[in-house]
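Fold and contact review
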Amino acid sequence: MTDLSPFYGESGGQVGDRGAIRRAGLAFDVSDTQKPVTGVVAHHGKVREGTLAVGDEVVLEVDGARRSATRRNHSATHLLHWALRVVLGEQAAQKGSLVGPDRLRFDFSYGKGLTADELTRVEDLVNAKVLTNAPVLTEVLPIDQAKARGAMAIFEEKYGDVVRVLTMTPDSVELCGGTHARALGDIGLFKIMSEGGVAAGVRRIEAATGLNALAYVRDIEGTLRSAAKTLRSGTADLPDKIERLIERERQLEKEVGDLKRKVAQGGGGSSAGAEDRLAAARPLSGGHVGKAIALRVDGLDAAMLREIAEQSRDKLGDAAVLVVSVDGPKVQLVVTVSKSLVAVLKAGDLVKQVAAVVGGSGGGRPDMAQAGGTDVAKVDEAMVRFYELTAG
């Protein structure tokens, strides 16, 4: 601690300064600055060279580039607050912020996510203000006089009898003790990077200014150019090219699904192949009229399994059908039971007991149920268990 310090201690959402403390034979790197109690500035860091003793006369040097970037972001935070109230209404009140050299984070009250149009309007308002290059006026005034000017108090800050008033055009007058740009033009480009919810009724915007905003835009441009190169397209044609590829993928997925379905139903979709598979059906136990069959058709999704199960059940007449599919480390099971049999065999009960064999669980309606499991090695045992429950 020194008797005076140009370093800004973390407060009001703004991070503390970094820099150095020096004298001949001494180099102390300041990695953070805090205000542990009112009136005290604590420099956190490490002695890189020499020794430091009480009574030493030293030179304190703030990292100017880092401070300037932080100032730009802090001033932009105030403009963002103003723009949000213009676009969303007075309900968009500040609920917290974090201002550093790389970006700003701003939390505000609002009940739903912002649309792309709303975010664009907010950006446009802030950047239009920046282009006015209006001076940023800082005054120290009695709290009553500040309130009379319409100065807005920031989220749950504590203020004394004398306050610091920051004016960025008559639209934005707020109480703030942080460091700021000298004129709005110093902020440079303002760019929103993300928007999302952080709590019930609270949204968060992260944004960048100046060279950091330019770097963000260039990073996006680089990604677009890379994607365009991969797809052999110009960046302007990229959305159409992606849409065509997605549509083509849907068509291919449908064709693959149709082929899988035909193979699963007996090979090439022939009725003879399907009949051969169903010929293995066994009579139900307990003297009940009907049949039971367990089929394995790997690589299919749940929708296809349900379709195959229903088709097999309908072809057999009164029946209980299990269809099992293995896809990598996962097992999927579907059980369907004819409505005429649900009084004695319930699909939900059957699938739970069969799924337990492969380390899974599931459930559903009396006539249709599905489950999943992870023990691929016990699929055959699960099919045997199904026959034990239905055909004896």
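These numbers come from a predicted model, not from an experiment.

Rules used in this analysis
- Residues numbered from 1 in each chain as written.
- Predicted model: local features only at pLDDT ≥ 70, side-chain atom pairs only at ≥ 80, totals over all residues.
- Heavy atoms only, no water.
- Helix = DSSP H or I, 4+ residues; strand = E, 2+ residues; numbered from the N terminus.
- Rg over C-alpha atoms; globule rule 2.2 N^0.38 Å.
- Buried < 20%, exposed > 50% of the residue type's maximum accessible area, 1.4 Å probe, protein only.
- Contact = heavy atoms within 4.5 Å.
- Lys, Arg positive; Asp, Glu negative; His and termini not counted.
- Charge placed at Lys NZ, Arg CZ, Asp CG, Glu CD.
- Polar contact = N/O pair within 3.5 Å; in protein donor to acceptor, adjacent residues only side chain to side chain.
- Expected span 1.5 Å × (residues − 1).
- Arc of directions from axis to C-beta.
- Phe/Tyr/Trp six-rings, centres within 6.5 Å; stacked < 30°, edge-to-face > 60°.
- Lys NZ or Arg CZ within 6 Å of the ring centre and 35° of its normal.
- Pairing = 2+ DSSP bridges.
- Axes fitted to C-alpha atoms, helices over the stretch in contact; angles between N-to-C directions.

When helices and strands are counted, the chain shows 9 helices and 17 strands. The C-alpha radius of gyration computed for the chain amounts to 34 Å, which surpasses the reference 21 Å derived for 392 residues by more than 25%, pointing to a less compact arrangement than a globule. By principal-axis analysis of the C-alpha atoms, the chain measures approximately 100 × 50 × 45 Å. Expressed as a percentage of the 392 residues in the chain, the buried residues total 41%. Put simply, of all contacts in the chain between residues at least 6 apart along the chain, 57% involve residues at least 24 apart. Taking the 51 positively charged and 52 negatively charged side chains of the chain as two groups, their mean positions are separated by 2 Å.

The residue Val-130 is located in helix α2 (residues 116-132) in this model. On the basis of relative accessible area, Val-130 is assigned to the buried category, the value being 5%. Along the primary structure Val-130 and Ala-183 are separated by 53 residues, whereas in three dimensions their C-alpha atoms are 8.4 Å apart. If we skip the residues at most four places from it in the chain, Val-130 touches Leu-79, Leu-184, Gly-185, Ile-187 and Gly-188.

Along the chain, His-180 turns up in the loop between β9 (172-175) and β10 (190-199). Using a relative accessible area of 7% as the deciding quantity, one classes His-180 as buried. As a C-alpha pair, His-180 and Met-383 span 203 residues in sequence and 72 Å in three-dimensional space. The residues contacting His-180, other than those within four sequence positions of it, are Arg-71, His-74, Ser-75, His-78, Val-136, Arg-164, Leu-166 and Met-168. Here Ser-75 takes part through its side chain, which lies 3.0 Å from a polar atom of the side chain of His-180.

Quick look at helix α4 (residues 210-230) now. Taking 1.5 Å as the rise per residue, α4 with 21 residues should run 30 Å; its terminal C-alpha atoms sit 31 Å apart, in good agreement. Inspection of α4 places Gly-210, Ala-213 and Ala-228 among the buried residues, and these make up the whole buried set. Down the axis of α4, the buried set is contained in an arc of 85°. They therefore lie on one face. Exposed residues lying more than 90 degrees from the buried face of α4 are Leu-211, Asp-219, Thr-223, Lys-229 and Thr-230. One or two residues past the end of α4 sits Arg-232, with phi positive at roughly 55°.

On the secondary structure map, Glu-206 appears in strand β11 (residues 202-209). Among the polar contacts listed, one links the side chain of Glu-206 to the side chain of Arg-103, at a separation of 2.7 Å.

Time to look at helix α1 (residues 64-88). Along its 25 residues, α1 runs 36 Å from first to last C-alpha, staying within 8% of the 36 Å computed at 1.5 Å per residue. Looking at where α1 begins, the residue whose side-chain oxygen comes 3.3 Å from the main-chain nitrogen of Ala-65 is Asp-63. Remark: Gly-89 follows α1 within two positions and exhibits a positive phi of approximately 105°.

Turning to the packing of aromatic side chains, a few remarks are in order. Taken as a whole, this structure holds 2 aromatic pairs when the rule is applied. With a centroid separation of 6.3 Å and an interplanar angle of 25°, the aromatic rings of Phe-106 and Phe-108 are classed as stacked. In this structure Phe-108 comes out as buried when scored by relative accessible area, which is 0%. Sitting over the ring of Trp-82, Lys-129 keeps its end group 4.9 Å from the ring centre. We note Arg-282 situated over the ring of Tyr-387; from NZ or CZ to the ring centre the distance is 3.7 Å.

What follows is about the sheet that holds strand β2 (residues 26-34). Sheet architecture is open: 4 strands sit in the order β3-β2-β1-β4, paired in antiparallel fashion. Edge positions in the sheet fall to β3 (42-49) and β4 (59-62), since each of these pairs with one other strand and no more. Strand after strand, the sheet turns through a mean of 25° between neighbouring axes, direction not considered. As defined by bridge partners, strand β1 (residues 19-23) adjoins β2 across 5 bridges and the pair is classed as antiparallel. Paired with Arg-23 across the bridge in β2 is Leu-26.

On the basis of which strands lie adjacent, the open sheet formed by 6 strands has the order β12-β13-β14-β15-β17-β16 and mixed pairing. Every interior strand has two partners, whereas the edge strands, β12 (282-283) and β16 (361-364), have only one. Inspection of the sheet shows strand β15 (residues 330-337) paired to strand β17 (residues 368-373) by 6 bridges, in the antiparallel sense. Along β17, the bridge assignment pairs Val-331 with Gly-373. Running at roughly 170° to strand β13 (residues 291-296), helix α9 (residues 379-390) makes contact with β12, β13, β14 (319-327) and β15 of the sheet.

Relative to the helices and strands, Thr-33 is located in strand β2. Within the structure, Thr-33 has its side chain in polar contact with the backbone oxygen of Asp-17 (distance 2.9 Å). Once residues lying within four places of it in the same chain are set aside, the contact partners of Thr-33 are Phe-7, Tyr-8, Gly-9, Glu-10, Gly-16, Asp-17, Val-41, Ala-42 and His-43.

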